[in-house]
Amino acid sequence: MATVEMTFTPLPAHVRTARLVATAVARRSGVPEALLDEVRLAVGEACSRAVEVHREHCPAEPVRVALTGAGERFEVVVTNAAAGDEGMAWPPKPAADGQDPVAVPAELGLAVIAGLADDVQVSRNGDGLSIRMSWPSGALAG
Amino acid sequence: MDLKLEHHTTDGIEVVDVEGEIDVYTAPRLRELLIDLVNGGHYQLVVNMEKVEFLDSTGLGVLVGGLKRVRAHDGSLDLVCTQERILKIFRITGLTKVFGIHDGVDEAIAARKSEK
């Protein structure tokens, strides 16, 4: 059972709430202070992406976030319900070495997640996709 | 913390002071301001991020979009940032190679002037 579970309507305004809750649960689960910024940013990126695909494919469905901090790692699973979400390539592709002087990765959010969480898994979950991320917590983090 | 945006002209360069959180909810306001400035003929921009508490990929996308707009007019968009947690996001995404990132507004303006 997750320590905290939440669902929210896919609106950008709620992503900040999800970030704040995730950071609070991570802190309480023993994730070191130095990693809390990474948790906050990675969860925000995953939720932002979920909101984006929900608004495109299923705006009436909520985004789901499960936070589990009971074990040796603090785990976050962000699940979208967008059956049409086929666009996620993991690991994310780097910026193309083309002529564009401001070339950026195709999905900046995924690039940020890849750079922040040391353990990331992307899987199909029912109709949508789940991004599972974890960080050391509790005794292992010490 | 919401997003606060102010801007003023110094030595012919438009300085945008950003305070608060730039995320999927607030980034559209920064995008609109940058577009307004470019449409108003301001092609030399410095975005001061010293009071930014949070920046995500949506915010990065807005800054990249702003850079592309000013470059279309042979302009520039430089950043002011010394906060490690914000700089880290630029490094992760490789954008430190794309933006000029300076320690202060005066340094950013001086660097831009010296290139002219």
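Residues numbered from 1 in each chain as written. Chains lettered and ligands numbered in written order. Predicted model: local features only at pLDDT ≥ 70, side-chain atom pairs only at ≥ 80, totals over all residues.

Colleague: Can you walk me through the overall build of chain B in this structure?
Modeller: Counting its secondary structure elements, chain B contains four helices and five strands. Its C-alpha atoms put chain B at 35 × 25 × 20 Å along the principal axes. Counting across all 116 residues of chain B, residues that qualify as buried make up 47%. (Helix = DSSP H or I, 4+ residues; strand = E, 2+ residues; numbered from the N terminus. Buried ≥ 20, exposed ≤ 12 C-beta atoms within 10 Å, placed from the backbone.)

Colleague: What is the right way to read the sheet that holds strand E2 (residues 63-68) of chain A from this model?
Modeller: As a general point, the strands of a sheet are linked pairwise by backbone hydrogen bonds and lie either parallel or antiparallel. All names here are of chain A. Read from one edge of the open sheet, five strands run E1-E2-E3-E5-E4, paired in antiparallel fashion. Each edge of the sheet is formed by a strand with only one pairing partner; in this case those strands are strand E1 (4-8) and strand E4 (119-125). For this sheet the average axis-to-axis angle between neighbouring strands, irrespective of direction, equals 15 degrees. Two strands pair when backbone bridges link them, and strand E3 (residues 73-79) and strand E5 (residues 128-136) are joined in this way by seven bridges, in the antiparallel orientation. Across the sheet, the residue bridging to Glu75 is Ser134, located in E5. (Pairing = 2+ DSSP bridges. Axes fitted to C-alpha atoms, helices over the stretch in contact; angles between N-to-C directions.)

Colleague: Would you mind showing me how to read the interface of chain A and chain B here?
Modeller: Accessible area lost on assembly of the parts is the figure often given for the size of an interface. Of the residues lining the interface, 19 residues belong to chain A; the matching set on chain B comes to 19 residues. Of all elements in the fold, only helix H1 (13-28), helix H2 (33-57) and helix H3 (108-116) of chain A reach the threshold of two or more residues within the side of chain A that touches chain B. Ranked by residues supplied to the side of chain A that touches chain B, first place goes to H2 of chain A with six residues. Here the side of chain A that touches chain B is composed, by residue class, of twelve nonpolar, four polar and three charged. (Contact = placed C-beta atoms within 7 Å. Nonpolar A, V, L, I, M, F, W, Y, C, P; charged D, E, K, R; others polar.)

Colleague: Is there a simple way to explain the environment of Ile86 of chain B in this structure?
Modeller: Here Ile86 of chain B lies in helix H3 (residues 84-92). Sequence spacing of Ile86 of chain B and Val98 of chain B is twelve residues, and the spatial spacing of their C-alpha atoms is 15 Å.

Colleague: Can you walk me through the pairing of E3 of chain A in this structure?
Modeller: Taken residue by residue, a regular strand's side chains alternate between the two faces of the sheet. Most of E3 of chain A is tucked away, with five of its seven residues classed as buried. Counted along the chain from E2 of chain A to the antiparallel partner E3 of chain A, the turn is four residues long.

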